[in-house]
Amino acid sequence: TRFRHDHRMVDFQLPEIKRVPLESLCLQIKLQKFVGGVSGFLGKALEPPPEDAVAAAIDNLQTLQAFDSKQELTALGHHLAMLPVDPRVGKMLIYAAILGCVDPILTIAAALSTRSPFVAPLDKREAADQAKKSFAEAGSDLIAVYKAYHDCQAAKQAGGRGAE
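Owing to the predicted nature of the structure, the values given are computational and were not obtained by experimental measurement.

(A) Main features of helix α2 (residues 23-32). Of all the positions in α2, only Glu-23, Cys-26, Leu-27, Ile-29 and Lys-30 are classed as buried. Down the axis, α2 shows its buried residues gathered within 160° of arc, on one side only. Of the residues trailing α2, Lys-33 is marked for its positive phi of about 55°.

Spelled out as structure tokens, the structure:
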């Protein structure tokens, strides 16, 4: 409504640097070797992100082993900085390539970027839960998504109508 527009909506959208995870940006800053390190470089932004968000991003990158204890890029960090995906997904893809299981991990990585295929309206929730259980293995929702996708692709190749 006009009232909502005039009184509740902000004039300007919050800057992206304050809205999104900073891990990928931190990797790029280190890869480009900007002076002042991650915190120093981000602190010079017109509207810098909160210090606790920067610290959390650095901590996450150290947990992922993309940064060492001195906040320098590791070999893994260099590879992650080159990938146009979230660092957690990137690490998963790199390890999948090393371990020779790229196919299922690509499907799972894609599934992480969208809503679950098992989401259903309230009146069909029970049917969606049953479908999910039919693909469940070891209690993993991601494995269930992979199996559902794999079975759907197999049905399409076999010319099945249920895959559409």
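Let's pick the thread back up.
(B) Spotlight on the confidence of the model for the protein chain. On average, the protein chain scores 86 in pLDDT, and the residues at 70 or more come to 91%. For the protein chain, per-element mean pLDDT is lowest for helix α1 (residues 2-7), which scores 70, and highest for helix α5 (residues 75-82), which scores 97.

(C) Examining the nonpolar core more closely. Cys-26, Leu-27, Val-38, Leu-61 and Phe-67 are the most contacted members of the largest nonpolar core, which totals 18 residues. Breaking this core down by element, the ones donating at least two residues are α2, α3 (37-43), α4 (51-63) and α5. Sorting elements by how many residues they give to this core places α4 first, with four residues. Aside from chain neighbours lying at most four places away, what touches Leu-61 is Glu-23, Cys-26, Leu-27, Ala-66, Phe-67 and Pro-87.

(D) Summary view of the layout of surface pockets. For the largest pocket, the calculated volume is near 190 Å³. What lines the largest pocket is Thr-107, Ala-110, Ala-111, Thr-114, Arg-115, Ser-116, Pro-117, Phe-135, Val-145, Ala-148, Tyr-149 and Cys-152. Elements with a contribution of two residues or more to the lining of the largest pocket: α7 (102-112) and α9 (141-157). If you tally residues by element for the lining of the largest pocket, the top one is α9, at four residues. Its residues assigned to classes, the lining of the largest pocket comprises eight nonpolar, three polar and one charged.

(E) Region of interest: helix α6 (residues 87-99). For α6, with 13 residues, the first-to-last C-alpha span of 18 Å sits near the 18 Å given by 1.5 Å per residue. Inspection of α6 places Pro-87, Val-89, Gly-90, Lys-91, Ile-94 and Ala-96 among the buried residues, and these make up the whole buried set. For α6, the side-chain oxygen to backbone nitrogen distance between the N-cap and Arg-88 is 2.9 Å, and the N-cap itself is Asp-86. Following α6 by one or two positions, Gly-100 adopts a phi angle in the positive range, close to 75°.

Calculation rules
- Residues numbered from 1 in each chain as written.
- Predicted model: local features only at pLDDT ≥ 70, side-chain atom pairs only at ≥ 80, totals over all residues.
- Heavy atoms only, no water.
- Buried < 20%, exposed > 50% of the residue type's maximum accessible area, 1.4 Å probe, protein only.
- Helix = DSSP H or I, 4+ residues; strand = E, 2+ residues; numbered from the N terminus.
- Arc of directions from axis to C-beta.
- pLDDT = per-residue confidence, 0-100.
- Core = buried A, V, L, I, M, F, W, Y, C linked by side-chain atoms within 4.5 Å.
- Contact = heavy atoms within 4.5 Å.
- 1 Å grid on protein atoms, 1.4 Å probe; cavity = no way out; pocket = protein on both sides within 12 Å on 5 of 7 lines; lining within 4 Å.
- Points joined across faces, edges and corners; volume = space filled by probe spheres on them.
- Nonpolar A, V, L, I, M, F, W, Y, C, P; charged D, E, K, R; others polar.
- Expected span 1.5 Å × (residues − 1).
- Polar contact = N/O pair within 3.5 Å; in protein donor to acceptor, adjacent residues only side chain to side chain.

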